[in-house]
Protein chains: 2
Amino acid sequence: MAVVETDTKTYSRRLAERARAASKGLATASGELRDAWLRSSAAALREATASILEANARDLDNADGFGLTDAEKDRLRLDRKRVDAIAAGLEQIASLPDPIGRVIDHTRRPNGLSISKIRVPLGTVFFIYESRPNVTADAAAICVKSGNAVILRGGKEAANSSAAIVAVLREELVRHDLPTDAVQIVESSDRDIVGHLLRMNDCIDVAIPRGGAGLIRRVADEATMPVIKHFDGNCHVYVDSAADLELAAKIVVNSKCSRMGVCNACESILIHRDVAKTFLPKIGKELIERGIQIRGDEATRAAIRDAIAATEEDWSTEYLGPAISCKVVDSLEQAIDWIERYGSHHTDAIVTRDLTASQKFAAGVDSAAVMINASTRFHDGGEFGMGAEIGISTDKFHARGPCGLEELTSYKYVVVGDGQIRQ
Amino acid sequence: MAVVETDTKTYSRRLAERARAASKGLATASGELRDAWLRSSAAALREATASILEANARDLDNADGFGLTDAEKDRLRLDRKRVDAIAAGLEQIASLPDPIGRVIDHTRRPNGLSISKIRVPLGTVFFIYESRPNVTADAAAICVKSGNAVILRGGKEAANSSAAIVAVLREELVRHDLPTDAVQIVESSDRDIVGHLLRMNDCIDVAIPRGGAGLIRRVADEATMPVIKHFDGNCHVYVDSAADLELAAKIVVNSKCSRMGVCNACESILIHRDVAKTFLPKIGKELIERGIQIRGDEATRAAIRDAIAATEEDWSTEYLGPAISCKVVDSLEQAIDWIERYGSHHTDAIVTRDLTASQKFAAGVDSAAVMINASTRFHDGGEFGMGAEIGISTDKFHARGPCGLEELTSYKYVVVGDGQIRQ
């Protein structure tokens, strides 16, 4: 791959055209061959541990210059165990069923035509992500497993680590006689390149940004191809009048506290008025014990002394940290309306023993995932049994919820006849 | 609905917000109720025939002012029989299975969680189309059947006819206690309104333009929401060395001549060199007899005296009329490469008795539909057994090929537990 180019547009064009050409070769490569590549890439990554760690050390040397926090440095840092985990991830993806070439629907028409709807790759993916180096291997693996060529554009903080990983993956593509440019990485942090690539919809079929809302918005605004967006999760747990309150407390605590910095963490509790007096002091104690600040309406504050007043902004805030908003509602309907108004259509849960209430909630809440008596934290490709995911889509078009292998595919119709003509 | 607004942006905003509000009501309305609306709308349209014909007469009076050709006027003209056909179309859509609420996938996880993937409406559709009034009823019916609210923006040439039809549909929505604004029509030909609506992705989930390439391009460029695009069909028939030549001639003639002005008509023939000498004179005669001009490469012109020389532009031209391009190729591989280079990924056919050749062609040609020993003209929602279609998508994202009811839907995950929390 060319290293530095003075003309970013020419450089971007070359990346895009190579990806397109590679995608054609990949689309007809067997699943067996793609899996063989994944398995031997895993072995080759383990063998290349020393050079990967060396590259990673250079990234860590630069980390202070980029102003990385300690937590960010920790996420950037690789060691033998983490390289092994990256390799194991590739092996796990190799073990998943091949999504490509499957007949996903079939009809035989009265005139004898046999119409098969067959899963095919989307083509080429432009994946724009932030700094963790394991994402580089993971994204490349998911794309190639689903028959797509990928252009990776990671954060500059992990540039050396990612380049070392990609070099291994590309060598293994060559060894397996697969198109080398099935995996390419943008070797420059020039932001113009992202802009150029986002305009090349003749070569790139989908853009997937993974990172903060600002990045996603920029990509969505500039892209001329479809974008799979992964926006905020302002997730709610609604505690119904018919809730088992022990179970409700367990679910709220797990949804909020099991991991706070993730999109499927709970950010807001709604409590039916009939159970508020009993439930509020109980959940207040549990959350405050865990260091969570409660921002509530008047009823909440009346029951939980340490709760502070929620502002209008709180109701739509994704804290990703130790705070939660809390409101008492008069009815299931009010809870649904509230979630539709302030939620982000990501993940919302109800805790109830009432079948009708659960059905109304599931039908009325327009979110990618609706949980009934379960933690919001289960909204995840792995927990859904998909095996691998490239993100959680907050769109309704094409892919919604966890994006695994199938979400990176399209389909074609193959129609077989014996001379049928249309009257 | 308000009739005229001086401020097109305010007017557009109101349409969009009403559509969004209506979509929420529609999403939870039963399939039975939506079908009842379709059936009684059919009856009401028949009863309103006189007033619809009167509105249509006004459109026809204006037709010369809009510079409509005789053929266009014919397509615009309604009579009792055509109104009856529109009504019958609604009844036919009512008889299709309800796509909404179906469990399209289900998993039970080891921890006991039951995960259902359930079909839901996309939400609101902005449908922009050209002048035939029957499309107004058809599009409204398909959208509401699939649980979506629709904003219709038809051509000004059919404005009175479309308004009369929409008035009937809205009256029936009221009668069935369904949201009236599930069907709205833009009552102004001001092009600004289209621009405003295309920027309202908070209220509109998908834009569907149906018409010429210029319209589609404009919508795709300006839209901030996903667009289902229906671009050109530069469809090929490849006559393989192992083709049954009688059958090949029948398929070429049908693909080209059964209806020329449609996207699934054949625009280009590729012929394997081994059969060119036999096949060319035969197909040349048949096409010329039917008034088709042949634009060919040298080999074609050597065999067909009346063929004229094809220019580079011809190879990628969708004629939609009595012309066809014709080229002799050396191999199946060359045919596939040619189609990938000049085709439009819409519909391409192979005629062959060779199983391997048919498989290679089906795998190598990246088109929405690949036909094996069948006319390209079968690429159609009706012929595929979908019952109703709103267009044929040339995209790979979300929907490819005929867009019926399912292609206007999304899905959500409903996860049912009994208190599961994530470790």
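Up top is the structure.
Scope of this entry: the structure provided in the associated data block. (Residues numbered from 1 in each chain as written. Chains lettered and ligands numbered in written order. Predicted model: local features only at pLDDT ≥ 70, side-chain atom pairs only at ≥ 80, totals over all residues. Heavy atoms only, no water.)

## A short note on the sheet that holds strand β4 (residues 149-153) of chain A
Residue and element names in this part refer to chain A.
- The strand order β5-β4-β3-β6 describes an open sheet built from four strands, whose pairing is parallel. Across the chains shown, the open sheet's two edge strands, defined by having one partner strand only, are β5 (183-185) and β6 (206-210). Strand-to-strand twist across the sheet, computed as the mean angle between neighbouring axes with direction ignored, equals 20 degrees.
- Summarising the sheet, β4 and β5 pair through three bridges and their orientation is parallel. If you follow isoleucine 151 over to β5, its bridge partner there is glutamine 184. (Pairing = 2+ DSSP bridges. Helix = DSSP H or I, 4+ residues; strand = E, 2+ residues; numbered from the N terminus. Axes fitted to C-alpha atoms, helices over the stretch in contact; angles between N-to-C directions.)

## Things to note about the interface of chain B and chain A
- On the chain A side, the residues contacting the 65 residues of chain B number 64 residues.
- In total, chain B and chain A occlude about 5,200 Å² of area from one another, counting both sides; carbon and sulfur atoms represent 54% of this.
- Considering only the side of chain B, the residues that lose the most area to chain A are Phe397(B), Tyr413(B) and Arg422(B), jointly responsible for 17% of the buried surface there.
- Run the count over chain B and chain A and you get five salt bridges.
- Between Glu383(A) and Arg422(B) there is a salt bridge, with its nearest N and O atoms 3.3 Å apart.
- There are 39 residue pairs in polar contact (both at pLDDT 80 or more) connecting chain B and chain A.
- Those elements that provide at least two residues to the side of chain B that touches chain A are β2 (114-121), α10 (245-257), α14 (355-364), β13 (369-374), β15 (401-402) and β16 (409-420) of chain B.
- It is β16(B) that contributes the most residues to the side of chain B that touches chain A, eleven residues altogether. (Contact = heavy atoms within 4.5 Å. Buried area = accessible area lost by both parts, 1.4 Å probe. Salt bridge = Lys/Arg side-chain N within 4 Å of Asp/Glu carboxyl O. Polar contact = N/O pair within 3.5 Å; in protein donor to acceptor, adjacent residues only side chain to side chain.)

## What about the pattern of salt bridges?
Residues and elements named next belong to chain B.
- For the structure on display, the rule yields 61 salt bridges over all chains.
- For aspartate 297, the salt bridge identified is with lysine 327, shortest N-O distance 3.9 Å. Here aspartate 297 is found in the loop between β9 (293-296) and α12 (298-303), whereas its partner lysine 327 is found in strand β11 (residues 323-329), with 30 residues between them in sequence.
- According to the relative accessible area criterion, aspartate 297 is buried, its value standing at 13%.
- When its relative accessible area of 14% is taken as the criterion, lysine 327 is described as buried.
- Note that glutamate 312 and arginine 341 form a salt bridge whose closest N and O atoms lie 3.9 Å from each other. Note that glutamate 312 is positioned in the loop between β10 (308-309) and β11 and arginine 341 in helix α13 (residues 332-342), a separation of 29 residues in sequence. (Buried < 20%, exposed > 50% of the residue type's maximum accessible area, 1.4 Å probe, protein only.)

## What about the relation of the copies chain B and chain A?
- Overlaying chain B on chain A yields an RMSD of 0.0 Å, the required transformation being a rotation through 180 degrees with an accompanying axial translation of 0.0 Å. This pairing of chains is accounted for by a two-fold axis. In terms of C-alpha distance to the rotation axis, chain B has His398(B) as its closest residue, with the C-alpha 1.9 Å off the axis.
- Mapped onto chain A, 98% of the interface residues of chain B are again interface residues, and the two copies thus contact each other with one and the same surface. (Least-squares fit on C-alpha atoms with pLDDT ≥ 70 in both.)

## Here's the deal with helix α10 (residues 245-257) of chain A
Residues and elements named next belong to chain A.
- With 13 residues, α10 extends 18 Å from end C-alpha to end C-alpha; this agrees with the ideal 18 Å at 1.5 Å per step.
- Along α10, eleven of the 13 residues are buried, which leaves the element largely enclosed by surrounding structure.
- The residue sitting at the N-terminus of α10 and contributing the capping side-chain oxygen is aspartate 244; that oxygen lies 3.0 Å from the backbone nitrogen of glutamate 246. (Expected span 1.5 Å × (residues − 1).)

## Focus on the nonpolar core
- Within the largest apolar cluster, 182 residues are counted, with the highest numbers of intra-cluster contacts made by Val239(A) and Val239(B).
- Setting aside residues up to four positions removed in sequence, Val239(B) forms contacts with Leu245(B), Ala248(B), Val252(B), Ile269(B), Leu270(B), Ile271(B), His272(B), Val275(B), Phe279(B) and Val351(B). (Core = buried A, V, L, I, M, F, W, Y, C linked by side-chain atoms within 4.5 Å.)

## Quick notes on the sheet that holds strand β1 (residues 103-108) of chain A
- In spatial order, the strands read β1(A)-β2(A)-β16(A)-β13(B)-β12(B)-β7(B)-β8(B)-β11(B)-β9(B)-β10(B); together these ten strands make up an open sheet with mixed pairing. Among the strands making up the open sheet, the edge pair consists of β1 of chain A together with β10 of chain B.
- Sheet strands touched by α10(B): β16 (409-420) of chain A together with β7 (235-239), β8 (266-272), β11, β12 (347-351) and β13 of chain B. Its angle to β7(B), the strand with the most contacts, is close to 170 degrees.

## Overview of the packing of aromatic side chains
- Under the defined criterion, the tally for this structure stands at 13 aromatic pairs over all chains.
- On the numbers, 5.1 Å between centres and 80 degrees between planes, the contact of Trp315(A) with Trp338(A) is edge-to-face. Highlighted residues: Trp315(A) in the loop between β10 (308-309) and β11 (323-329) and Trp338(A) in helix α13 (residues 332-342), separated in sequence by 23 residues. Both residues of the pair, Trp315(A) and Trp338(A), count as buried.
- Between Tyr411(B) and Tyr413(B), the aromatic rings sit 5.7 Å apart at their centres with planes inclined by 80 degrees, giving edge-to-face as the arrangement. This pair shows no difference in class: Tyr411(B) is buried, exactly as Tyr413(B) is.
- Members of the aromatic cluster, joined through ring pairs, are Trp315(A), Trp338(A) and Tyr342(A).
- In this structure, Lys117(B) is placed above the aromatic ring of Tyr411(B), and the distance from its NZ or CZ to the ring centre is 4.3 Å. (Phe/Tyr/Trp six-rings, centres within 6.5 Å; stacked < 30°, edge-to-face > 60°. Lys NZ or Arg CZ within 6 Å of the ring centre and 35° of its normal.)

## Here's the deal with the pairing of β8(B)
Residues and elements named next belong to chain B.
- For β8, the buried fraction is high: seven of the seven residues fall into the buried class.
- Summarising the sheet, β7 and β8 pair through five bridges and their orientation is parallel. Counterpart to histidine 236 in the pairing with β8 is serine 268.
- Since β7 and β8 lie parallel, the crossover through α10 that links them has a hand, and here it is right-handed.
- Here β8 runs beside β11; their pairing, made up of five bridges, is parallel. What sits directly across from isoleucine 269, in β11, is cysteine 326. (Right-handed = clockwise from strand over helix to strand, strands pointing away.)

## With respect to unusual backbone geometry
- Even without glycine at this site, His398(A) takes up a positive phi of about 70 degrees.
- Along the chain, His398(A) turns up in the loop between β14 (392-393) and β15 (401-402).
- Assessed through its relative accessible area of 15%, His398(A) is described here as buried.
- With phi around 55 degrees, Leu320(B) is a residue other than glycine that occupies positive phi space.

## With respect to the packing of helix α3 (residues 49-63) of chain B against helix α7 (residues 159-175) of chain B
Residue and element names in this part refer to chain B.
- For the pair α3 and α7, interaxial distance at closest approach is 7 Å and the crossing angle is 160 degrees. Between α3 and α7, the interaxial angle falls into the category roughly antiparallel. The hand of the α3/α7 crossing is right-handed. When α3 is examined against α7, the residues Ile52, Ala55, Asn56, Arg58, Asp59 and Asn62 are found in contact with a partner set consisting of Ala159, Asn160, Ser161, Ala164 and Ile165.
- Class assignment of the residues belonging to the contact of α3 with α7 gives a composition of five nonpolar, four polar and two charged. (Parallel < 35°, antiparallel > 145°, perpendicular 65-115°, else oblique. Left-handed = near helix turned anticlockwise from the far one by under 90°. Nonpolar A, V, L, I, M, F, W, Y, C, P; charged D, E, K, R; others polar.)

## A word on the environment of Ala302(B)
- Among the secondary structure elements, Ala302(B) is positioned in helix α12.
- Residues Ala302(B) and Phe127(B) lie 175 residues apart in sequence; the distance between their C-alpha atoms is 48 Å.

## Section: the packing of helix α8 (residues 191-198) of chain A against helix α9 (residues 213-222) of chain A
Residue and element names in this part refer to chain A.
- In contact at an axis separation of 9 Å, α8 and α9 are set at 45 degrees when each is read in the N-to-C sense. Classified by the interaxial angle, the pair formed by α8 and α9 is oblique. Considering only the axes of α8 and α9, their crossing is right-handed. Together, Arg191, Val194, Gly195 and Leu198 of α8 and Arg218, Val219 and Glu222 of α9 make up the contact between the two elements.
- For the contact of α8 with α9, a count of residues per class yields three nonpolar, one polar and three charged.

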